[in-house]
Number of protein chains: 2
Amino acid sequence: MTAPDPTGWRALRNTIHQRILDGTYGPGARLPRDADLAMELGCARTTVQRAMRALADEGLIERKRKGGTRVLARPVTRATFDIPVAREEVKATGRAYGYQLVAREIAPSPHSVTAAMGLSAPERMLRAQALHLADRRPFMFEDRWISLATVPEIAGVDLAVESANEWLLAHRPYSHYTLRFSAANATAAQAELLGARAGDALFVIERCTWLGTAPITCVTALAPPGYALISRA
Amino acid sequence: MTAPDPTGWRALRNTIHQRILDGTYGPGARLPRDADLAMELGCARTTVQRAMRALADEGLIERKRKGGTRVLARPVTRATFDIPVAREEVKATGRAYGYQLVAREIAPSPHSVTAAMGLSAPERMLRAQALHLADRRPFMFEDRWISLATVPEIAGVDLAVESANEWLLAHRPYSHYTLRFSAANATAAQAELLGARAGDALFVIERCTWLGTAPITCVTALAPPGYALISRA
DNA sequence: AACGATAATATGTATGCACTTATTTTGTCA
DNA sequence: TGACAAAATAAGTGCATACATATTATCGTT
C-alpha cells in the first residue's frame, strides 16, 4: 500500500494529467473551462481550481484569465531540490559528520563577492573556510564571506566549534537567495583539502543570501568527485 | 512598480514570513492556530490556510494535523529549476541554435542504462548522440538511449533533422523522471566534441523518464566549462 | 507503571456563493 | 481600415460552513 488511490482534488489532478498523457488534451490544446469540468466530473469549481493550480505549479499547463487553460507545448522539466545543511546531508547517508575550520580572517571583500552581493564598493567582511567531513573523509569544502555590516555578531562566534552556516541559519534567517551550480577543475590547494587530485572535476555550489536588501553571506562550496544532486518526480 | 504591494492572501503570506524573519515566530516555534490568526488578522480561515500552504510549499514551515504549525528549525534551501529544452536555452540568451546528429545505432542497452531504467535485463534500444550548438559553437553534448519497447516509432524518425528530445516531448510525454547533476572530467573524445581540452571539468545532467512504469529514455548531457544552472528566490 | 481505548484538537478538504481582475472579443465611430 | 471604447469571458480570490482525518492528550483498566 505504498500509494493508496488518491481521492478528492488529487484524484482530479491525476485524471486531468492522465488526459494530457493519453492525448485527450494534446500539447497546446485548450482545456474545458473550470466550470464545465466541475460539472462533468461532479464536483465544485473550487476543487477543479485546486487541481488545476497544482498542474500549473508543476509546469504542465498554463492558465490565463479569459484565455482559459492550455497544455504547454514544450513542457520544461521543473525540478525541485532541497539543498540541505552539510550535517544533515551526511547524516542522511548514515555516516558520521565532522567539521573543521580551515582558516578565518577579516578582510575586504574581493570583487567577485562584492559584485555578487550587489554592493558598490568592497567592505570588510569575515571570511571562513571550512571542511565538512563524512566518516572523517572530506565531504565538502566551503569558502564563505559574511557581511560584518549585516551580521556584526558573527565576529564573536567561535567558528572552530560551530559551522558558520548553521549559526547563520539559527540566528539570521534569509529572505532571498541566489544559487548557482557549475563544475570546475580542482586547484592543487583544493585537491589537497578534498583528498582529490589536482584537476579533478569538482561540483560547485555558489549561494548568496540576503535579508531584505542587506547581504548576509556568499559561499562557494566544492564537492569532490562522486558528489551528485538528485531529484525525482 | 516592479512589485506592487500584494494584497489578499499574498499579503498574509508576507506578514507571516516577516514575523518569522524578525523573530516573532523563532526557529522551531509554534504558530497560532489558523483560526486564531484569521481572527487576529481579520480574514477567513480559508485565506490563512492558503498563505500557510504557500509557506509550507516553500519549506519554511511545517504543518501537522493536531500538531499545529511550526517554523522549521533547520530550513533547507528549496530551489526550483526549470530545465529547458536546449533550443530554448540557447535562444533565451539571444544566440543562434544549431543541432547536429553525431551518431545513431541500435544496440543492447549497457548495464548502467538498464539499471537506471529499472529493467531486469538489457534490451535493444536506439542510441543517439547529438550536439547542440549556440552560434555554431558546442553548447551541450547528449548521449541518449531510447527504449524501442516503449517507443518503437522512434526508429523511423530522422534524428538528423529533429532532435530526439524534442520529438519525444511532442509525441511521448512522460509522467515521471529522475534527474542527477554532477561533475566529470572530459575524456579526449568528449573534449573533442565540445571544443574543450581533455580533463576539463564538465557539468553533467543525467535524466531518465517514464510513462507510468514504462521507461522512455535515459540521457546523459555534458556541458563544457562555463555552463551553469541558476536559481533565485 | 504500562497499555489501550477514547476524546479532544488543529489542519485538510469540499462546497456554494459572490465578487474581482486580466484579457479577449466585439462593436462603434472616425 | 484602423483605433479606441465597451462588453463578455474565464480564471482568481474571499468567505462561511461543514465535515474528514491525522495526531496528540487523556483517562480508565489491568
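Preceding this section is the structure that the text describes.
Computed from a prediction, not measured in an experiment: that's the story for all the values here. (Residues numbered from 1 in each chain as written. Chains lettered and ligands numbered in written order. Predicted model: local features only at pLDDT ≥ 70, side-chain atom pairs only at ≥ 80, totals over all residues.)

Describe in detail the protein's contact with DNA strand C, supporting the description with residues and values.
Contacts to DNA strand C come from 23 residues, most closely from Gly8(A), Trp9(A), Thr46(A), Lys66(A) and Lys66(B). Where the surface near DNA strand C is concerned, the elements lending two or more residues are α3 (45-57) of chain A together with α2 (34-41), α3 (45-57) and β2 (68-71) of chain B. Residue composition of the surface near DNA strand C, by class: 5 nonpolar, 9 polar and 9 charged. (Near = placed C-beta within 6 Å. Helix = DSSP H or I, 4+ residues; strand = E, 2+ residues; numbered from the N terminus. Nonpolar A, V, L, I, M, F, W, Y, C, P; charged D, E, K, R; others polar.)

Please provide a residue-by-residue account of the interface of chain B and chain A, values included.
Of the residues lining the interface, 44 residues belong to chain B; the matching set on chain A comes to 45 residues. Broken down by element, the side of chain B that touches chain A gets its largest block of residues, 10 residues, from strand β7 (residues 176-185) of chain B. Class assignment for the residues of the side of chain B that touches chain A results in 27 nonpolar, 10 polar and 7 charged. (Contact = placed C-beta atoms within 7 Å.)

Give a description of the environment of Arg197(B) that names residues and reports values.
Residue and element names in this part refer to chain B. Considering the arrangement of structural elements, one finds Arg197 in the loop between α7 (188-194) and β8 (201-211). In this structure Arg197 comes out as partly exposed when scored by C-beta crowding, with 13 C-beta atoms within 10 Å. C-alpha of Arg197 to C-alpha of Gln18: the two residues are 179 residues apart in sequence and 49 Å apart in space. (Buried ≥ 20, exposed ≤ 12 C-beta atoms within 10 Å, placed from the backbone.)

I'd like to hear about the sheet that holds strand β8 (residues 201-211) of chain A, residue by residue, with values.
Across the sheet, which stays open at both edges, the 7 strands sit in the order β4(A)-β5(A)-β6(A)-β9(A)-β8(A)-β7(A)-β10(B) with antiparallel pairing between neighbours. Unpaired on one side and paired on the other, β4 (97-108) of chain A together with β10 (229-232) of chain B mark the two borders of the sheet. Direction aside, neighbouring strands of the sheet carry axes that sit 15° apart on average. (Pairing = 2+ DSSP bridges. Axes fitted to C-alpha atoms, helices over the stretch in contact; angles between N-to-C directions.)

Just give me the short version of the protein's contact with DNA strand D, but keep the residues and values in it.
Lining the immediate environment of DNA strand D, one finds 23 residues, of which Lys66(A), Gly8(B), Trp9(B), Ala44(B) and Lys66(B) sit closest. Among the secondary structure elements, those contributing two or more residues to the surface near DNA strand D are α2 (34-41), α3 and β2 (68-71) of chain A together with α3 of chain B. By residue number, the principal contributor to the surface near DNA strand D is α3(B), which donates 4 residues.

Please give an account of the packing of α2(A) against α3(A) that cites residues and values.
Residues and elements named next belong to chain A. Where α2 meets α3, the closest approach of the two axes is 8 Å, and the angle between their N-to-C directions is 110°. With respect to α3, the axis of α2 lies roughly perpendicular. As α2 runs across α3, the sense of the crossing is right-handed. Between α2, through Asp34, Ala35, Leu37 and Ala38, and α3, the contact on the second element is made entirely by Arg45, Val48, Gln49 and Met52. A class-by-class count of the residues in the contact of α2 with α3 yields 5 nonpolar, 1 polar and 2 charged. (Parallel < 35°, antiparallel > 145°, perpendicular 65-115°, else oblique. Left-handed = near helix turned anticlockwise from the far one by under 90°.)

Break down unusual backbone geometry for me, citing the residues and quoting the values.
Backbone geometry places Asp135(A), a non-glycine residue, at a positive phi of 50°. Relative to the helices and strands, Asp135(A) is located in the loop between β5 (124-134) and β6 (137-147). By C-beta crowding, Asp135(A) is classed as exposed, having 12 other C-beta atoms within 10 Å. The backbone of Arg136(B) shows a phi angle near 70°, a positive value even though the residue is not glycine. Mapped onto the elements, Arg136(B) comes out in the loop between β5 (124-134) and β6 (137-147). With 9 C-beta atoms packed within 10 Å, Arg136(B) lands in the exposed category.

The quantities given are spatial measurements derived from coordinates; they are silent on function.
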